[in-house]
Amino acid sequence: MTSDYEILGVSPCATREELRAAYRALARRWHPDRFLAGPEREWAGARMAEITRAYRACLKGSRRARTDDDERLRTARRLIDDGQFVNARAVLMEVSTRRAEWNYLFGLMLLHRQEYEKALVYLSVAAHQQPENKKYARMESVARGIHESARPRFRPFR
């Protein structure tokens, strides 16, 4: 038996937008109104019902995954605040979607672990994903300053 994601032709980690686009493409192709009355139209109706059922199931799973991801992000934030950076990293790696908050928390965790160059990358991505978020922009600026001051300076011999 094929999975709902296979029916839609998307990966299990597809976003809601990808699910919607796949559903709409299949609906345009298999909608029964595109077929003349007869067995082809009946078959297309059954296929369309299967596509619609798969789409709804995937959307429901997408909502559940988002709720789980939100809980994991809150847990990771608490772990970072408590100084448990290894555990925070493990929790962050379980999150399925790399949204701005994920990049921010991952960068923050790396910053605390003194991995400045990597932290700057993730914090820059978070600030780019949500340019209106002042917290992300401020932390990117802090990381950039720390990264610049931590880089060794080249002094030529005289």
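Data block above holds the structure.
Below or above, wherever it landed, is the structure these notes cover. Just so it is clear, the model here is predicted, and its values are computed rather than measured.

**Quick notes on the overall build of the protein chain**
And then number 1: The helix and strand inventory of the protein chain stands at 7 helices and 0 strands.
And then number 2: In the protein chain, the succession of helices and strands from N to C terminus is α-α-α-α-α-α-α.
And then number 3: Taken over C-alpha atoms, the radius of gyration comes to 23 Å for the protein chain, far larger than the 15 Å a tight globule of 158 residues would show.
And then number 4: The principal-axis extents of the C-alpha atoms in the protein chain amount to approximately 90 × 40 × 30 Å.
And then number 5: The buried share of the protein chain, reckoned over its 158 residues, is 34%.
And then number 6: Within the protein chain, residue pairs in contact and separated by at least 24 positions form 47% of the contacts whose partners lie at least 6 positions apart.
And then number 7: Of the roughly 10700 Å² that the protein chain leaves accessible, carbon and sulfur atoms contribute 52%.
And then number 8: Treating the 31 positive side-chain charges of the protein chain as one cloud and the 21 negative ones as another, the clouds have centres 5 Å apart.

**Some thoughts on unusual backbone geometry**
And then number 1: Positioned with a positive phi, glutamine 114 is a non-glycine residue whose angle comes to about 65°.
And then number 2: Turning to its location among the elements, glutamine 114 is positioned in the loop between α5 (100–112) and α6 (116–129).
And then number 3: Classification of glutamine 114 as exposed rests on a relative accessible area of 57%.

Basis of the calculations
Residues numbered from 1 in each chain as written. Predicted model: local features only at pLDDT ≥ 70, side-chain atom pairs only at ≥ 80, totals over all residues. Heavy atoms only, no water. Helix = DSSP H or I, 4+ residues; strand = E, 2+ residues; numbered from the N terminus. Rg over C-alpha atoms; globule rule 2.2 N^0.38 Å. Buried < 20%, exposed > 50% of the residue type's maximum accessible area, 1.4 Å probe, protein only. Contact = heavy atoms within 4.5 Å. Areas by Shrake-Rupley, 256 points an atom, 1.4 Å probe, with all protein chains shown as cover. Lys, Arg positive; Asp, Glu negative; His and termini not counted. Charge placed at Lys NZ, Arg CZ, Asp CG, Glu CD.

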